[in-house]
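# Coordinate inspection notes
Single-letter residue listing:
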Amino acid sequence: MKKHIFTLGATALVSIGIADAASADTDTHKVKAGETLFSISQQHNVTVEDLKKWNGLSSTLIYANQTLQIGSTSTDSPSSSTPTTTSSNHTYTVKSGDTLYRIAKNNGTSVQQLKEWNNLSSHLIYVNQVLKISGTGTVSSSPSAPVQEKTNETPASPAPSNSKSYKVQPGDTMWSVAQRHGISISQLKQWNNLSSNTIYINQVLQVGGQAAAQAKPSTPSTSTPAPAPAQESKSVSKEITVEATAYTAYCAGCSGITATGIDLRSNPNRKVIAVDPRVIPLGSRVYVEGYGEAIAGDTGGAIKGTRVDLFMASQSSALNWGRKTVKLQILD
């Protein structure tokens, strides 16, 4: 979105929209204006880290008309997608780390055919979901948990079966979901077997339930609530000195939507800052002196290097902030 800096000029904020996905059964994606690695990863049901690895990227910075490789240039191991057969149709049971693209490639078919044969309206698949990989009809097998990225770590114990769940909305981050439900990021990752902070729109997350109450059923009133994510960890991975200005969501020409999809007009109390992704990665949890803990969720045309822009709910707050040199900590 576009925005004003209420001190020494205007900041042009990048608008973002989810562009039409590239053909799902091709090996490349041509970057469109406004796209980010995160939005492209969602379109193709892969991770940002996969895209960076496949394309030799050291940061999340991409450019319009850049051609990205979707999928490894080397052939995936056939054993990872060996189909099982039934009496009339070939089927495949989804494993952790699978994507529609990988399953289609390993079984000599296309993503579009897989979606048609299984009545899928998106690229989202689940661990232990049974997919038809030939023939017609729909497999009625119920999905279990969403597919997670492969990891060498031993999966943590999931949340109990009677725990609550939450469906990820546009603009959500792991931090905002944890804050909304009064839990920590580490608990969210443990309950959902996540190895990173990457989440996806429409992903269903376990967000707790009666797990704490089961530990002390006779004295629920004395149970200690889970800490808020802002207090969960103050481990600092990096500290820099930045020049900080401020902006609002209601300047002339502003859309109110950040580069990562956060609707600032609907969430005026969100702590969001605009950054240069080459210095502070988008989605990072940060602490800004005099502003507090926030999400690096936006970019701006004038935001370069160690310059940042802080979102304020009102014009008067932005004017009161002015321009300051402050300390910024990137939190783990």
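My aim in this report is to walk through the structure given alongside it, one point at a time. (Residues numbered from 1 in each chain as written. Predicted model: local features only at pLDDT ≥ 70, side-chain atom pairs only at ≥ 80, totals over all residues. Heavy atoms only, no water.)

## A word on the pairing of strand E14 (residues 307-311)
What counts is decided by this rule: With a 1.4 Å probe rolled over the protein chains alone, any residue whose accessible area is under 20% of its type maximum counts as buried; one over 50% counts as exposed, and the rest are partly exposed. In DSSP terms, a helix is any run of H or I states spanning at least four residues, a strand is any run of E spanning at least two, and both are numbered starting from the N terminus. Two strands are said to pair when DSSP picks up at least two bridges between them.
Along E14, five of the five residues are buried, which leaves the element largely enclosed by surrounding structure. The alternating pattern of E14 places Arg 307, Asp 309 and Phe 311 and Val 308 and Leu 310 on opposite faces, both of which are buried. Pairing analysis gives five bridges linking strand E10 (residues 236-247) to E14, with the strands arranged parallel. Directly across from Ala 244, in E14, lies its bridge partner Val 308. In this sheet, E14 lies alongside strand E11 (residues 272-274) in antiparallel orientation, the contact comprising two bridges. Residue Ile 273 lies in a different strand from E14, and its bridge partner there is Leu 310.

## Quick notes on the pattern of salt bridges
A side chain with one charge can pair with a side chain of the opposite charge if their charged atoms come near. Let me state the cut-off plainly: For this document, the term salt bridge refers to a Lys or Arg side-chain nitrogen within 4 Å of an Asp or Glu carboxyl oxygen.
One pass over the structure, following the stated rule, counts five salt bridges. One salt bridge in this structure joins Glu 293 and Arg 285, with 2.8 Å as the shortest N-O distance. Per residue, the accessibility class of Glu 293 equals that of Arg 285, and both read buried.

## A word on helix H1 (residues 37-44)
Put simply, the rule reads: The criterion used for residue contact is that any of the two residues' heavy atoms lie within 4.5 Å.
Counting buried residues in H1 gives seven out of eight residues, a clear majority hidden from the surface. Along H1, the residues that are buried comprise Leu 37, Ser 39, Ile 40, Ser 41, Gln 42, Gln 43 and His 44. Against strand E3 (28-30), helix H2 (48-54) and strand E4 (67-69) lie the buried residues of H1. Where H1 ends, the next residue or the one after it, Asn 45, has phi of about 55°, a positive value.

## Observations regarding the nonpolar core
Let me state the cut-off plainly: Here the nonpolar core consists of buried residues drawn from Ala, Val, Leu, Ile, Met, Phe, Trp, Tyr and Cys, with membership extended through side-chain atoms lying within 4.5 Å.
Membership of the largest hydrophobic core comes to 28 residues, with the highest contact counts inside it found for Ile 273, Ile 280, Tyr 291, Leu 310 and Leu 328. Counting residues per element, this core draws most heavily on E10, which supplies five residues. Setting aside chain neighbours within four positions, we find Leu 328 in contact with Lys 238, Glu 239, Ile 240, Val 242, Ile 273, Ile 280, Val 286, Tyr 287, Val 288 and Val 308. Among the nonpolar cores identified, the runner-up in size contains 15 residues, and Ile 185, Leu 194, Val 207 and Ile 295 belong to it.

## A look at the pairing of E10
The pairing of E10 with strand E15 (residues 324-331) spans eight bridges and is antiparallel. Within E15, the position partnered with Glu 239 by the bridge is Gln 329.

## Re the environment of Ala 64
Within the element layout of this structure, Ala 64 appears in the loop between H2 and E4. The spatial distance from the C-alpha of Ala 64 to the C-alpha of Gly 34 is 7.8 Å, given a sequence separation of 30 residues. If sequence neighbours within four positions are ignored, Ala 64 has contacts with Val 31 and Ala 33.

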